[in-house]
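Each chain, letter by letter, is given below.
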Amino acid sequence: MASGQQLIKSDRGSMLTMSDDNVMMKQIVGTHAPDGREVDVKTLLLLVKDILKHATQQIDSSLTTSQAHAEMEDKTYHVNFVSMLDALSYTIDRISSEIAYKALDGTDAHATTVSLFNMLTSYSWDAKLVLTLTAFALNYGEFWLLAQIYSSNELAKSMAILRQLPSIIEQSGPLKPRFDAINNLIKVMMDVARCVVEFKDLPPAYISNEVPALSTAMAHIPTAVYWTMRGVVACEAQITSLTTMGHEFSISTTVAWELSTLAHKLSNMLDHLRKQLDTCYQYIDEKRNVESFQMLKNLFEMIHIDNMKVLKALIYAKDDIQPLIDGSSKKRVHLDVLRRKNVLLLISGLDMSTDELSILEQIYNESRHHGARLDSQYEVVWIPIVDRSVQWSDPMKGKFESMQSSMPWFTVYHPSLIEKAVMRFIKEVWHFRNKPILVVLDPQGKVVSPNALHMMWIWGSSAFPFTSLREESLWKDETWRLELLVDGIDPVILNWINEGKYIFLYGGDDEEWMRKFTSSARAVAQAAGIPLEMVYVGKSSKREKVRRVIAKITVEKLSYVWQDLTMMWFFWTRLESMLYSKIQLGKLDDHDPMMQEIKKLLSYGREGGWAVLSNGSNVVVNGYSTTVLQTLVEYDLWKDQVPVKGFDMAFQDHHFQLRGIARPCSRFDFPMTTGRIPETMKCPECNRTMEKFSTFLCCHDEVIPDELSK
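Predicted model, so just to flag it, every value in this text is computed and none were measured. (Residues numbered from 1 in each chain as written. Predicted model: local features only at pLDDT ≥ 70, side-chain atom pairs only at ≥ 80, totals over all residues. Heavy atoms only, no water.)

Caption draft 1: Molecular detail of the side chain of Asp 509. On the secondary structure map, Asp 509 appears in the loop between strand E8 (502-507) and helix H21 (511-528). Residue contacts for Asp 509: discarding those within four places in its chain leaves Met 514, Lys 539, Lys 542, Lys 545 and Val 549. (Helix = DSSP H or I, 4+ residues; strand = E, 2+ residues; numbered from the N terminus. Contact = heavy atoms within 4.5 Å.)

Caption draft 2: Main features of the environment of Met 189. The residue Met 189 is located in helix H9 (residues 172-200) in this model. Look at Met 189 and you get buried, because its relative accessible area is 0%. Taking the C-alpha atoms as reference points, Met 189 and Leu 266, separated by 77 residues in sequence, lie 7.4 Å from one another. Other than its neighbours up to four places away in sequence, Met 189 contacts Leu 133, Thr 228, Gly 231, Val 232, Cys 235 and Leu 266. (Buried < 20%, exposed > 50% of the residue type's maximum accessible area, 1.4 Å probe, protein only.)

Caption draft 3: Looking closely at the pairing of strand E6 (residues 437-441). Most of E6 sits out of view: five of its five residues are buried. The alternating pattern of E6 places Ile 437, Val 439 and Leu 441 on one face and Leu 438 and Val 440 on the opposite face, and all of these are buried. In the sheet, strand E3 (residues 342-348) pairs with E6 via five bridges, with the strands oriented antiparallel. Residue Ile 347 lies in a different strand from E6, and its bridge partner there is Ile 437. Pairing geometry for E6 and strand E7 (residues 447-449), over two bridges, is antiparallel. Its bridge partner lying in E7, Leu 441 is registered against Val 447. Between E6 and E7, which pair antiparallel and follow one another directly, the connecting turn spans five residues, one of which, Gly 445, has a positive phi of 85°. (Pairing = 2+ DSSP bridges.)

Caption draft 4: A look at the confidence of the model for the protein. This prediction gives the protein a mean pLDDT of 81; 78% of its residues lie at or above 70. Note that residues 1-18 has pLDDT below 50 and, in this model, 34 contacts with residues that lie over four places away or in other chains. Across residues 59-76, confidence stays below pLDDT 50; counting only partners more than four residues off in sequence or on other chains, it has 34 contacts. (pLDDT = per-residue confidence, 0-100.)

Caption draft 5: Spatial organisation of the packing of helix H22 (residues 543-556) against helix H23 (residues 565-585). Close contact between H22 and H23 brings their axes to 11 Å; oriented N to C, the two are set at 125°. One element, H22, and the other, H23, form an angle in the oblique class. The handedness of the crossing between H22 and H23 is right-handed. Across from Arg 543, Val 546, Arg 547 and Ile 550 in H22, the residues of H23 making contact are Leu 565, Thr 566 and Met 568. (Axes fitted to C-alpha atoms, helices over the stretch in contact; angles between N-to-C directions. Parallel < 35°, antiparallel > 145°, perpendicular 65-115°, else oblique. Left-handed = near helix turned anticlockwise from the far one by under 90°.)

Caption draft 6: Up close: the nonpolar core. In this structure, Leu 505 and Phe 571 are the most contacted members of the largest nonpolar core, which totals 100 residues. Counting residues per element, this core draws most heavily on H23, at 13 residues. (Core = buried A, V, L, I, M, F, W, Y, C linked by side-chain atoms within 4.5 Å.)

Caption draft 7: Representation of the side chain of Thr 112 within the structure. By the element assignment, Thr 112 lies in helix H5 (residues 109-119). Given a relative accessible area of 1%, Thr 112 falls into the buried group. Look past the residues within four positions of Thr 112 in its chain and what remains in contact with it is Lys 102, Thr 107 and Val 233.

Caption draft 8: Representation of the sheet that holds strand E11 (residues 610-615). Taken in spatial order, the five strands line up as E10-E9-E8-E11-E12 in an open sheet, and their pairing is mixed. A strand with exactly one partner marks an edge of an open sheet, and here the two such strands are strand E10 (560-561) and strand E12 (618-624). One ladder, built from six bridges, connects E11 with E12; its direction is antiparallel. Looking at E12, one finds that Ser 614 is bridged to Val 619.

Caption draft 9: Representation of the sheet that holds E7. Taken together, the seven strands give an open sheet; going across it, the order is E2-E1-E5-E4-E3-E6-E7, and neighbouring strands pair in mixed fashion. The outermost strands of the open sheet, each flanked by one partner alone, are strand E2 (332-333) and E7. Those strands touched by helix H15 (residues 394-406) are strand E1 (324-325), E3, strand E4 (378-384) and strand E5 (410-412), and its axis lies near 175° from that of E4.

Caption draft 10: Layout of H5. Of all eleven residues in H5, nine are buried, a share of seventy percent or more. Among all positions in H5, only Ala 109, His 110, Thr 112, Thr 113, Val 114, Ser 115, Leu 116, Phe 117 and Met 119 are buried. The N-terminus of H5 is capped by Asp 108, whose side-chain oxygen sits 3.0 Å from the backbone nitrogen of His 110. (Polar contact = N/O pair within 3.5 Å; in protein donor to acceptor, adjacent residues only side chain to side chain.)

Caption draft 11: Broad picture of the pattern of salt bridges. By the definition in use, this model includes 27 salt bridges. Here Glu 556 and Arg 515 are joined by a salt bridge, their closest N and O atoms 2.8 Å apart. Taken together, the positions of Glu 556 in helix H22 and Arg 515 in helix H21 put the pair 41 residues apart, joining distant regions of the chain. For Arg 515, a relative accessible area of 28% corresponds to the partly exposed category. A salt bridge links Lys 639 to Asp 636, with the shortest nitrogen-to-oxygen separation between them at 3.5 Å. Overlapping salt bridges bring together Glu 511, Glu 512, Arg 515, Lys 552 and Glu 556 as one network. (Salt bridge = Lys/Arg side-chain N within 4 Å of Asp/Glu carboxyl O.)

Caption draft 12: Structural context of unusual backbone geometry. Cis geometry is adopted by the peptide bond preceding Pro 465, which originates at Phe 464 and carries an omega value of 10°. With respect to the helices and strands, Pro 465 occurs in the loop between helix H17 (453-459) and helix H18 (468-477). Even without being glycine, Lys 330 reaches a positive phi, approximately 60°. Mapping Lys 330 onto the fold places it in the loop between E1 and E2. Relative accessible area serves as the criterion here: at 41%, Lys 330 is assigned to the partly exposed category.

Put into structure tokens, the structure is as follows:
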């Protein structure tokens, strides 16, 4: 008993007197002379973890029952590991004997720990620590193995009596705090060991000691290894003293405090090392992302026989899971379903509007039902982009699953499959800025359009195969006509065009102007004897205000009106797409009459009212609210020209004379979420270069986003 009490006193004294860690660690580092020998510390640590896990699990059960039953999980280790154990068994036995013997004769804990370092001088820091823990696991495991089987095994029973195990079991109450403290210290020691081994396992190709986080950790690891091995000595001392001195030794009340103090010291070191380890992982992650990003860029510069390499790099590289959901069957499938097909990558966040989804779904379904040729040649795949810095929450999960289930095309199984380097590539190279884009890959994986969404909105599936060349070709065949503005939106207007009627498309949110405009237009049509139809198509913004205007027009029967706001959204989206399409092609020609008219309409859509007059398909006037209304009001001034020039030219000429009276300021808003923004633009009214402003817009009259309204 005297030697046991002496051990506690000497250990406590050494913890207090050896306060100068620098002096102590100089001594420890002086023993370190590794010779390059390799130890499979990871596999060895797994074995130690198994032993200590089963041993510490017995603390509560063995102290409260007379019999304990546990099964050690059988493991079959590879041949190299078995041969390594053969080479290490002598060293492990020496350490085991050393810590047990020094615990018995009351040697100072620091001195015992130093003797272990002298014994392990040729090993790396991680190997020293894991070998010491292995030796302790042998002793500790044997102790608890006897506790488990002594009541049912005669051999174990005799050995247990020699170890005084029955009396220890009987003293379960007083001993529980001590074993809890041992258990807690063992847990911290194992955590430190795993952390140290993780540092050893960092890939040298991506990180070196020149990185501050790693060099800082390497400087602190010897200290952490020392105090962990010191913890092993302390735990061994408690077990050895219990089995040799029994009940008399258990009366000490300071043991649990000593062990807890050591555990606290190690916990602080572990926290510091983990912070450095996290920083190292971030550094490695960034390096790997840079490498992956560059590899991805290089991949798109190569020629491939099919699109599989590209799709695997973008979506999922391994073959261990099925990374896609088939929108039609809702079953998971492999990337092979896309082999050698034109693939349209729909890239968006979780905030894609229901308007966008419904129109895209309509176009997609039409191509499937009416174009068997297209059906086998192109597929759409949704690539969800989710900010990794934002924690994945239940609302996000619900939003994702809702969007995924509504899509009839292929979707990526989960956003986490999309790597950081891929997201960087999509943002930097493909200019994704939160607004959805539709990147088109040909059957060999080559990008043939950086964003075909504009094409899809304007021409639908007739734009197949959705290449930039096809886009240019479609523009060459396009003319400034009413079908360009309303095609695919409302068959009623297409019927009016076929019937050769005069048609006024008009918009804005000024109710008083609309009353005057519609009544004046109706009066002029009657006076001129022309068949006239009018349709209200809203504004590009202020959706809720437009909803109220629709109600007024309907009640007062001012004109035909689109009741479905999605139709209005699509009208303005198609107009914007025409502008973006030209910008993307690099052909925003300020002398192109058709684009000038489109730009006027977009500008009018932001500022006040407007009207477009057509005679069947032919657009007669595209004008601002004041000039169009005044042209109608002043009908008496130009009615004599109608028989001479025709209603079209007479209206157009008088409107042209009035243009200078109230020429509005042109305005174009390009959200920062738009991928490509032109450097300069010319005014569609006066052809001067427009000024560029930065605007912060908060329009409270806008519709509430879908994800917030649920």
